[in-house]
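Now for the letters of each chain:
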Number of protein chains: 2
Amino acid sequence: MVLIEKAAAGDILSISRLMSEVENDTPQGQRALDELYPRGGRAAIIGITGPSGSGKSTLVNRLALTLSSSPEGEAVKVGVIAVDPSSPFSGGALLGDRVRMRDLGTMPNIFIRSMATRGALGGLARAAEGAAQVLDAAGFGIIIVETVGAGQAEVDIARLAHTTVVVEAPGLGDDIQAAKAGILEIADVLAVNKADKPGANATARSLQVMLEIGAEMAGEAGADIDARWHAPLVMTCALDGAGVDELKTAILAHQDWLRTHGGLEARNQTRASDALEKAARERLFRDWRRELDEDAYRAALEDVAARRVSPRMALERLLKP
Amino acid sequence: MVLIEKAAAGDILSISRLMSEVENDTPQGQRALDELYPRGGRAAIIGITGPSGSGKSTLVNRLALTLSSSPEGEAVKVGVIAVDPSSPFSGGALLGDRVRMRDLGTMPNIFIRSMATRGALGGLARAAEGAAQVLDAAGFGIIIVETVGAGQAEVDIARLAHTTVVVEAPGLGDDIQAAKAGILEIADVLAVNKADKPGANATARSLQVMLEIGAEMAGEAGADIDARWHAPLVMTCALDGAGVDELKTAILAHQDWLRTHGGLEARNQTRASDALEKAARERLFRDWRRELDEDAYRAALEDVAARRVSPRMALERLLKP
């Protein structure tokens, strides 16, 4: 496919077109992913998540800029995939894009793709993963996947990313303690943004306490404390760029740690297993439905809706005609 | 099964035990759901969701109390299922429970069950649905399912509920606009809690604007505006109980609307279809894996992890040996 060759060679227009095919799950998109897959696996995927209002998008812009120049001074291609699962109107994503375009629109080494909810959240995670695969195969060294919130989408993204950065900020609600415990679980690096705002230090302290409790609980649960990565906390101010270099250093340190502790290998295994399992579930169900008598399925649905029989028993009957 | 008979008769201890079986997905739990299913379908399921810090739990307590006495003065059995997908430490859920127990622990017509994340979020939604089915079959007229946040769990709960109440509060972040658009999509009723706090009216106004934009967009998308339910916004103060009766009225009005506009029927159809599909996916994958040669599956996994072949093509080979 010419499009694939051009995308793999880094042609921006071809990359965009391919991503659209992948997002829409067209046959061409599926074939493209098959062909691109063996060329990928080299990019560092960085997930960045945090609540709305944490200044996450501005921080991502800054980070993309710093990451696009390597310590040795060579250019690194950085891709940004901004996923907004909470915005069906895509107003949020568009707003973020305007800021983004102003800051990054003219940078030759930075590619940006925004995605808003299109019905299924699962579809969004799939589309984001597909977009990351396209960028990976196209030679992007670093791929940033940005999401809002603290739901299943974040957990899915964390599975996709090698390093997950959780962004918090002061003044986003006073009983964050309970709500943040879950999201801290997935954090490899914690950033407290808006560090110049009142309450930033208090927010950092309470997050630090929670990180320590989490580490202690993991220790009690039998995890070897020395073998674990201890998520560092970095104070940032995305508006003036303070702390962004420290954040970059923390991210690169985690990537080093992954490489030296077998973490990359382990994550690749998990991702391969997830991907194969997901593909199998989809395919088996589709094939089964295609071969199944439509009337029998409809009758089973009616029985379940009318509560004559449970879903599991209705399925049992469909399986053994 | 004696346990099922006792639970169906309303015995609290049997209901609790059955819920544990269902949560742990034991064979007995699965059989119980099969047996209970035909007895259910009568409860009104109310989903209540909103961010941490919105005072949601206190509001749920108040609502459970008001709903447990019907307009005619008879007692209605109310079940509360509190789901906290963001708390793997379950500290949040426990904290909420203490408040709950103080307020509701001695009420004979109110049953409370709390669930925190146990690994998979999907598992949590399944467990909550199972618990709701047990309560439904045990003659609970109203079941409140409470969740935190704005992720996939909420969307799943909204599919389970007949009426979804989204709770907001002032002071939970200043650019809520973008983040809340998604959650507003699922709201049948909106509650602005902490109505006595500064900023409550501003929060209500901005939510109202977003509701109107949402309604307009739906109108442009071709939905018949007169045939749609217009989510009302209610100001509440859970601490002193102000507005809770209005919230109850709004919820009951939505239930009436569902009954008179075929909405209950439609939701039951959707739920039946979802349930049958989910059961089929699980079962087909499990059966396939059981029959599959373990070495072949492991080899495919290795090929995918080493990027020799894409997940989809590896699956293709496994399906056609």
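A quick note: this is a predicted structure, and the numbers were derived from the prediction, not measured.

Rules behind the numbers
Residues numbered from 1 in each chain as written. Chains lettered and ligands numbered in written order. Predicted model: local features only at pLDDT ≥ 70, side-chain atom pairs only at ≥ 80, totals over all residues. Heavy atoms only, no water. Helix = DSSP H or I, 4+ residues; strand = E, 2+ residues; numbered from the N terminus. Buried < 20%, exposed > 50% of the residue type's maximum accessible area, 1.4 Å probe, protein only. Contact = heavy atoms within 4.5 Å. Areas by Shrake-Rupley, 256 points an atom, 1.4 Å probe, with all protein chains shown as cover. Salt bridge = Lys/Arg side-chain N within 4 Å of Asp/Glu carboxyl O. Phe/Tyr/Trp six-rings, centres within 6.5 Å; stacked < 30°, edge-to-face > 60°. Lys NZ or Arg CZ within 6 Å of the ring centre and 35° of its normal. pLDDT = per-residue confidence, 0-100. Axes fitted to C-alpha atoms, helices over the stretch in contact; angles between N-to-C directions. Parallel < 35°, antiparallel > 145°, perpendicular 65-115°, else oblique. Left-handed = near helix turned anticlockwise from the far one by under 90°. Nonpolar A, V, L, I, M, F, W, Y, C, P; charged D, E, K, R; others polar. Expected span 1.5 Å × (residues − 1). Pairing = 2+ DSSP bridges. Arc of directions from axis to C-beta.

## Considerations on the overall build of chain A
When helices and strands are tallied, chain A shows 13 helices and seven strands. Every one of the 321 residues in chain A was classed for burial, and the buried ones make up 52%. In chain A, the share of contacts with a sequence separation of at least 24, taken over all contacts with a separation of at least 6, comes to 76%. Split by element, the accessible area of chain A, about 14,200 Å² in all, is 53% carbon and sulfur.

## A few points about the pattern of salt bridges
Scanning the entire structure with this criterion turns up 29 salt bridges over all chains. Linking Arg281(B) and Glu282(A) is a salt bridge whose minimum nitrogen-to-oxygen distance equals 2.9 Å. Of the two residues, Arg281(B) sits in helix 11 (residues 263–291) while Glu282(A) sits in helix 11 (residues 263–291), which places them in two different chains. The residue Asp34(B) makes a salt bridge to Arg312(A) at a minimum N-O spacing of 2.5 Å. Placement of Asp34(B) in helix 3 (residues 27–36) and of Arg312(A) in helix 13 (residues 311–319) is noted, with the two residues assigned to different chains. Judged by relative accessible area, Asp34(B) falls into the buried class, the value being 9%.

## So, the side chain of Gln133(B)
Along the chain, Gln133(B) falls in helix 6 (residues 121–137). Leaving out residues up to four positions away in the same chain, Gln133(B) has contacts with Leu33(B) and Tyr37(B).

## A short note on the packing of aromatic side chains
Under the counting rule described, the total for this entry stands at eight aromatic pairs over all chains. A ring pair is formed by Phe285(A) and Trp288(A), whose centres lie 6.1 Å apart and whose planes are at 40°; its orientation type is tilted. Within this pair, Phe285(A) and its partner Trp288(A) are both found in helix 11, separated by three residues, close to a single helical turn. The same class applies to Phe285(A) and to Trp288(A), which are both buried. Members of the aromatic cluster, joined through ring pairs, are Phe285(A), Trp288(A) and Tyr297(A). Across the ring face of Phe285(B), the terminal group of Arg281(A) is positioned such that the distance to the ring centre comes to 4.4 Å. In this structure, Arg289(B) is placed above the aromatic ring of Tyr297(B), and the distance from its NZ or CZ to the ring centre is 3.7 Å.

## Remarks on the confidence of the model for chain A
Residue and element names in this part refer to chain A. With 79% of its residues at a pLDDT of at least 70, chain A reaches an overall mean of 82. No element of chain A has a lower mean pLDDT than helix 5 (residues 91–104), which averages 50, and none a higher one than strand 7 (residues 233–235), which averages 96. Low pLDDT (under 50) marks residues 87–96, which in the prediction has 17 contacts with non-local residues, meaning those over four places away or in another chain. Here residues 174–179 scores under 50 on pLDDT; set against residues more than four positions off or in separate chains, the count is 10 contacts. Scoring of the predicted complex yields 0.73 for pTM and 0.78 for ipTM.

## Thoughts on the packing of helix 11 of chain A against helix 12 (residues 294–305) of chain B
The N-to-C vectors of helix 11 of chain A and helix 12 of chain B enclose an angle of 120°; their axes lie 9 Å apart at closest approach. Relative to helix 12 of chain B, helix 11 of chain A is oriented oblique. Where helix 11 of chain A crosses over helix 12 of chain B, the two elements pack in a sense that is right-handed. Contacts from Asn268(A), Gln269(A), Ala272(A), Ser273(A), Leu276(A) and Glu277(A) in helix 11 of chain A reach Tyr297(B), Ala300(B), Leu301(B), Val304(B) and Ala305(B) in helix 12 of chain B. Residue classes in the contact of helix 11 of chain A with helix 12 of chain B are distributed as seven nonpolar, three polar and one charged.

## Notes on helix 2 (residues 12–23) of chain A
Every α-helical turn comprises 3.6 residues, leaving residues that sit three or four positions apart pointing alike. Here helix 2 of chain A is 12 residues long and its end C-alpha atoms lie 16 Å apart, about the 16 Å a rise of 1.5 Å per residue gives. The positive-phi residue at the C-terminal boundary of helix 2 of chain A is Asp25(A), with phi of around 55°.

## Details of unusual backbone geometry
Residues and elements named next belong to chain A. Positioned with a positive phi, Arg307 is a non-glycine residue whose angle comes to about 65°. Among the structural elements, Arg307 can be located in the loop between helix 12 (294–305) and helix 13. A relative accessible area of 14% places Arg307 in the buried class.

## Overview of the pairing of strand 1 (residues 44–50) of chain B
Residues and elements named next belong to chain B. With seven of its seven residues buried, strand 1 lies for the most part within the structure. Across the two faces of strand 1 the burial is the same, with Ala44, Ile46, Ile48 and Gly50 and Ile45, Gly47 and Thr49 all buried. Pairing analysis gives seven bridges linking strand 1 to strand 4 (residues 142–148), with the strands arranged parallel. Looking at strand 4, one finds that Ile45 is bridged to Ile143. Bridge count between strand 1 and strand 5 (residues 163–168): four bridges; the pairing is parallel. Each bridged residue has a counterpart across the sheet, and for Thr49 the counterpart in strand 5 is Val166.

## Looking at helix 13 (residues 311–319) of chain B
Along helix 13 of chain B, the positions that sit buried rather than exposed are Pro311(B), Ala314(B), Leu315(B) and Leu318(B). For helix 13 of chain B, the arc enclosing every buried residue in end-on projection is 100°, short of the 170-degree limit, so these residues lie on one face. Elements in contact with the buried residues of helix 13 of chain B: helix 11 of chain A together with helix 11 and helix 12 of chain B.

## Digging into the packing of helix 11 of chain A against helix 13 of chain B
At their nearest, the axes of helix 11 of chain A and helix 13 of chain B sit 9 Å apart, and the two run at 60° to each other. Taken together, the axis directions place helix 11 of chain A and helix 13 of chain B in an arrangement best described as oblique. For the element pair helix 11 of chain A and helix 13 of chain B, the recorded crossing hand is right-handed. Each of Ala275(A), Leu276(A), Ala279(A), Ala280(A), Arg283(A) and Leu284(A) in helix 11 of chain A lies in contact with helix 13 of chain B, whose residues at this interface are Pro311(B), Ala314(B), Leu315(B), Glu316(B), Leu318(B) and Leu319(B).

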